[in-house]
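Per-entry structural report
Here are the chains, one letter per residue:
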Amino acid sequence: MPSITLKNRRIQYHVTNGRSSRYTYFRFRPDATLEIVVPGSTSINVEPAIREREDWIVRQHDKLTRSIRILDRDSVLFDGSRLKVVFEQTRGEESIIPDPERGLVTVRGPAKSTVKEMIRRWFLKESSSYVARALPALARKVGARYSRAEVREVRDWGYCTREGRLSFGWQLIALPEPVREYVLYHELVHLTERNHSVRFRARLSALLPDYRAREEELDRVVPIREEDCLGYN
Ligand SMILES: [Zn+2]
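Residues numbered from 1 in each chain as written. Predicted model: local features only at pLDDT ≥ 70, side-chain atom pairs only at ≥ 80, totals over all residues.

Quick notes on the overall build of the protein
Counting its regular elements, the protein contains 6 helices and 14 strands. Expected size for 233 residues packed as a compact globule is a radius of gyration near 17 Å; at 22 Å, the protein overshoots this value by more than 25%. Referenced to the eigenvectors of the C-alpha coordinate spread, the extents of the protein come out at roughly 65 × 55 × 30 Å. Out of the 233 residues belonging to the protein, those deemed buried represent 21%. Intrachain contacts of the protein at a sequence separation of at least 6 include 45% that bridge at least 24 residues. (Helix = DSSP H or I, 4+ residues; strand = E, 2+ residues; numbered from the N terminus. Rg over C-alpha atoms; globule rule 2.2 N^0.38 Å. Buried ≥ 20, exposed ≤ 12 C-beta atoms within 10 Å, placed from the backbone. Contact = placed C-beta atoms within 7 Å.)

Details of unusual backbone geometry
Although it is not a glycine, Asn8 sits at a positive phi angle of roughly 70°. Position of Asn8 among the secondary structure elements: in the loop between β1 (3-6) and β2 (9-17). The backbone of Arg73 sits at a positive phi, close to 50°, despite the residue not being glycine.

Details of the domain arrangement of the protein
Partitioning the protein into domains gives domain 1 (3-66) and domain 2 (71-222). The centre of domain 1, based on its C-alpha atoms, is set 36 Å off from the matching centre of domain 2. (Domains from an automatic or database assignment.)

Considerations on the pairing of strand β10 (residues 104-109)
Alignment of strand β8 (residues 81-89) against β10, held across 6 bridges, turns out to be parallel. The partner of Gln89 across the bridge, within β10, is Gly109. Where strand β9 (residues 95-99) hands over to β10, the hairpin turn is made up of 4 residues, of which Gly103 adopts a positive phi near 70°. (Pairing = 2+ DSSP bridges.)

A closer look at the nonpolar core
If you look at the biggest cluster of nonpolar residues, it comprises 37 residues, and the most contacted ones within it are Val76, Phe168, Leu172, Ala174, Val183 and Tyr185. Looking at this core, the elements that each hand over two or more residues are β7 (75-78), β10, α3 (115-142), β11 (148-152), β13 (165-169) and α4 (177-190). Those residues in contact with Val183 that sit more than four places away from it in its chain are Trp157, Gly158, Phe168, Leu172 and Leu218. (Core = buried A, V, L, I, M, F, W, Y, C linked by C-beta atoms within 7 Å.)

Considerations on the packing of α4 against helix α6 (residues 211-220)
Relative orientation of the contacting elements α4 and α6 amounts to 100°, with a least axis distance of 9 Å. If you check the angle between α4 and α6, you find them roughly perpendicular. Contact residues: α4 offers Pro178, Val179, Tyr182 and Val183, while α6 offers Tyr211, Arg214, Glu215, Glu217 and Leu218. Along the lines of polarity and charge, the residues of the contact of α4 with α6 split into 6 nonpolar, no polar and 3 charged. (Axes fitted to C-alpha atoms, helices over the stretch in contact; angles between N-to-C directions. Parallel < 35°, antiparallel > 145°, perpendicular 65-115°, else oblique. Nonpolar A, V, L, I, M, F, W, Y, C, P; charged D, E, K, R; others polar.)

Observations regarding the pairing of β1
Where β1 lies against β2, 4 bridges are found, and the strand directions are antiparallel. For Ser3, the partnering residue across the bridge sits in β2 and is Gln12. From the end of β1 to the start of β2, which pair antiparallel, there are 2 residues, and Lys7 there has a positive phi angle of about 45°.

What about the sheet that holds strand β3 (residues 25-28)?
Taking strand neighbours across the sheet as the criterion, the 4 strands line up as β1-β2-β4-β3 in an open arrangement whose pairing is mixed. Unpaired on one side and paired on the other, β1 and β3 mark the two borders of the sheet. Taking each pair of neighbouring strands and ignoring which way they run, the sheet shows an average axis angle of 35°. Both β2 and strand β4 (residues 34-38) contribute to a ladder of 5 bridges, which runs parallel. Looking across to β4, one finds that His14 is bridged to Glu35.

Structure follows, in structure tokens:
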């Protein structure tokens, strides 16, 4: 497959002929190879066209190659470590035994098909106990009061209502501790600063001088989605 170097990234690409007689399209495949669809039966030199779209291409490529998926094939991210999921069949009992030192988590259950749901319940329990453990002390540091905090299915990592209720995502425990902490601080600061204003950022930066680095790390993480499945052989 041909490749091109853009801003120090070597990007593999492949050219196909599309139905349009005029336009050239660019799209990325999930494996981060660039697909270039050129008009009809023409054969053109695509490199100038690639260079013209350089910024967009590099941004998309980075998204695909620098992302960290919580569930990736046969492994999960837990407490910032990647653990290989090892399934052990039982007659019905269910248990999850993480072993970060060996880089694996043993999931014992009646069927492979229940593994993902067991991981969800495990994450929910661990994320809840993390929030219960860490939030009160951080709230004191921020000087913020919340009425209630819960861990559940939320669209983003955290959420806060005008009434001072905080919600956090059930996948929080996948993140490394400093990144989890950032999520908690972020919502606590929202209790007094509703928007991502300059004041909000200033407040956050006073509490966590390296908050931007933590935020960037968070942005790379891809949560488990409904349709994801564990890729066992
Ligand atoms: Zn926010």
